[in-house]
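Residues per chain, in single letters:
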Amino acid sequence: MQERTVPVVAELTGAMRVRGYSAHRLDLNRAWVFAALLAANFLTSTCRADDGIWSETLYAGPATNRFALHLFLHGNPDIDGAMVGLASDFKLAKLPWGLTLEGEGQLTQYTLGHNYETVALGVGLRFHNFPWSDRRPASFAIYTGPSYATNPPASGFDFDNRLVGFQRKHLLNYLSIEYAMALSRASPWDITFRAYHRSGVFGVYTPAADEGTMFGFGIRRRW
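Residues numbered from 1 in each chain as written. Predicted model: local features only at pLDDT ≥ 70, side-chain atom pairs only at ≥ 80, totals over all residues. Heavy atoms only, no water.

### A few points about the packing of aromatic side chains
Okay, step 1: If you walk through the whole model with that rule in mind, you get eight aromatic pairs.
Okay, step 2: For the ring pair Phe130 and Trp132, a centre distance of 5.0 Å and an interplane angle of 15° mean the geometry is stacked.
Okay, step 3: Its relative accessible area of 30% is what places Trp132 among the partly exposed residues.
Okay, step 4: Ring geometry for Phe193 and Phe215: centres 6.4 Å apart, planes at 15°, overall stacked. With Phe193 in strand 9 (residues 189–199) and Phe215 in strand 10 (residues 212–222), this pair connects stretches of sequence that are 22 residues apart. (Phe/Tyr/Trp six-rings, centres within 6.5 Å; stacked < 30°, edge-to-face > 60°. Buried < 20%, exposed > 50% of the residue type's maximum accessible area, 1.4 Å probe, protein only. Helix = DSSP H or I, 4+ residues; strand = E, 2+ residues; numbered from the N terminus.)

Okay, here's the thing in structure tokens:
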């Protein structure tokens, strides 16, 4: 009986390993395909007319599920993956004091850890009138709105630096920040710093600690 049990257990263990390896490869392949589609959309969009209304930003950087307030106060980001995103921004209205009201749509892919995608729609403000903007155009923008995740992470660190189980809420709020500076005075291309954050907004969406934060760099095309 014992001689039969050992081969059976070995067969089952091997099958589970193969199945887990295949699922991991599938997640990685899906992430790379998603990134390729984002890049293709970004590059082909540069052929459109330069009407000064739209912009797109392709960016990437390290990501963490650590509680954001703890991250800002104490550091130690505990990077557990990476994120690549494509943000499409469009002007809704011109406001006083160098501001514009804008709308934003975002697609993101988290990878190199827990693999999932998010879709976000938001509104925000962009400020253009920096003292150096005449020499080199620059802007600062902040957006917020609902964000939907396809497969939310199962755990992260709370404010007390404890590993906690997430409620895996698909719908959370997102906050996106961008600082962009043109490559030159006449160039429609910008180098950007981007931050992307998802949370329950202190109970507005959920009282759970579910969060996700990314800081990275990218390139932006205005037209």
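### Observations regarding a nonpolar patch on the surface
Okay, step 1: The grouping of Leu92, Leu95, Leu101, Val123 and Leu125 at the surface amounts to a nonpolar patch, some 380 Å² of accessible area in total.
Okay, step 2: Mapped onto the elements of the fold, Leu92 is located in strand 2 (residues 81–94). (Patch = residues over 30% accessible without salt bridge, like charges linked within 9 Å, V, L, I, M, F, W, Y side chains within 5 Å. Areas by Shrake-Rupley, 256 points an atom, 1.4 Å probe, with all protein chains shown as cover. Salt bridge = Lys/Arg side-chain N within 4 Å of Asp/Glu carboxyl O.)

### Thoughts on the pairing of strand 5 (residues 138–149)
Okay, step 1: In this structure, strand 4 (residues 116–127) lies alongside strand 5, joined through eight bridges in antiparallel fashion. Within strand 5, the position partnered with Arg126 by the bridge is Ala141.
Okay, step 2: As paired strands, strand 5 and strand 8 (residues 171–182) are joined by eleven bridges and run antiparallel to one another. In the strand pairing of strand 8, Ser147 is matched with Leu172. (Pairing = 2+ DSSP bridges.)

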